[in-house]
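# What the coordinates show
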Amino acid sequence: MTTPTGRVICDITISVDGYAAGLDQTEERPFGDDGGDGSGAGLHAWMFDTPDENRAEIDRLNTAGAFIMGRNMFGPVRGAWDRRWNGWWGDDPPFHAPVFVLTHHAREPQPMDGGTTYHFVTDGIASALDRARTAAGGGDVTVLGGATTINQYLAAGLVHELRLHIAPLTLGAGTRLFEGVPPPALEQLTARAASRVTHVTYRVST
């Protein structure tokens, strides 16, 4: 059996108190009660308001050979796929690689412009990771979120590296990183402060 060579990286923006989204998420407010209009603008101001200051971290987001995300990060449709939804990122998503979406409801793969194809995985996180590793061809696999999905991979001991972008705001409640996760052994690799965020990278001992 071939040993996977690529790393499993989790990359996520959180508030100072550890939340990746607020309560009461809806299609109109995908980040819920986030202190603003529900679009996540405060959490992700570092990406959209000050991109030049954070160019290295933004560029690094999309260097993996394949990606994994939860269904909530893909879109607001719940239950059976009773209407077409091709993700929050438009016709040409930024990934330009295979994206494996965790779901309980089967759906045929959805190719998009720019090289992104969404694959819908119904048999759990280990299967999604196996498929993503195969697609990555020895490259890294990035688990983009949300926090609930990342928590599952952390709890299963499948993560090699954790990249946090800590925004200077608090949410008080919502979807929280590390919820229900046994305390991981973290080794800090890098830390960099910017005007709208602090970037911290940890190696996760499994």
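An account of the accompanying structure is given in this report. (Residues numbered from 1 in each chain as written. Predicted model: local features only at pLDDT ≥ 70, side-chain atom pairs only at ≥ 80, totals over all residues. Heavy atoms only, no water.)

## Digging into the overall build of the chain
Check the secondary structure of the chain and you find five helices and 11 strands. Going through the 206 residues of the chain one by one, you find that 46% of them count as buried. Contacts spanning at least 24 positions in sequence make up 63% of the contacts within the chain whose residues lie at least 6 apart. (Helix = DSSP H or I, 4+ residues; strand = E, 2+ residues; numbered from the N terminus. Buried < 20%, exposed > 50% of the residue type's maximum accessible area, 1.4 Å probe, protein only. Contact = heavy atoms within 4.5 Å.)

## Observations regarding helix 5 (residues 147–155)
Residues of helix 5 that are buried include every one of Ala147, Thr149, Ile150, Asn151, Tyr153 and Leu154, and no others. One or two positions beyond helix 5, positive phi appears at Gly157, with a value near 70 degrees.

## What to know about the side chain of Thr13
Tracing the sequence through the fold places Thr13 in strand 1 (residues 8–15). At 3.2 Å, the side chain of Thr13 and the side chain of Trp46 are in polar contact. (Polar contact = N/O pair within 3.5 Å; in protein donor to acceptor, adjacent residues only side chain to side chain.)

## Remarks on the environment of Arg78
Tracing the backbone through its elements, the reader meets Arg78 in the loop between helix 3 (71–74) and strand 4 (98–102). The exposure class of Arg78 is partly exposed, given its relative accessible area of 48%. A C-alpha to C-alpha distance of 9.2 Å links Arg78 and His105, two positions 27 residues apart in sequence. With residues near it in sequence (within four places) discarded, Arg78 still touches Arg71 and Asn72.

## Some remarks on the nonpolar core
Ranked by size, the top nonpolar core spans 29 residues in total, and within it Ile12, Ile68, Val143, Ile150, Tyr153 and Leu164 carry the most contacts. Looking at this core, the elements with two or more residues in it are strand 1, strand 3 (66–70), strand 4, helix 4 (125–136), strand 7 (141–145), helix 5, strand 8 (161–167) and strand 11 (198–205). Broken down by element, this core gets its largest block of residues, five residues, from helix 4. In contact with Leu164, not counting residues within four places along its chain, are Ile12, Ile14, Leu177, Thr198, His199, Val200 and Tyr202. Counting 15 residues, the second largest nonpolar core, distinct from the first, contains Val77, Val101, Met112 and Leu144. (Core = buried A, V, L, I, M, F, W, Y, C linked by side-chain atoms within 4.5 Å.)

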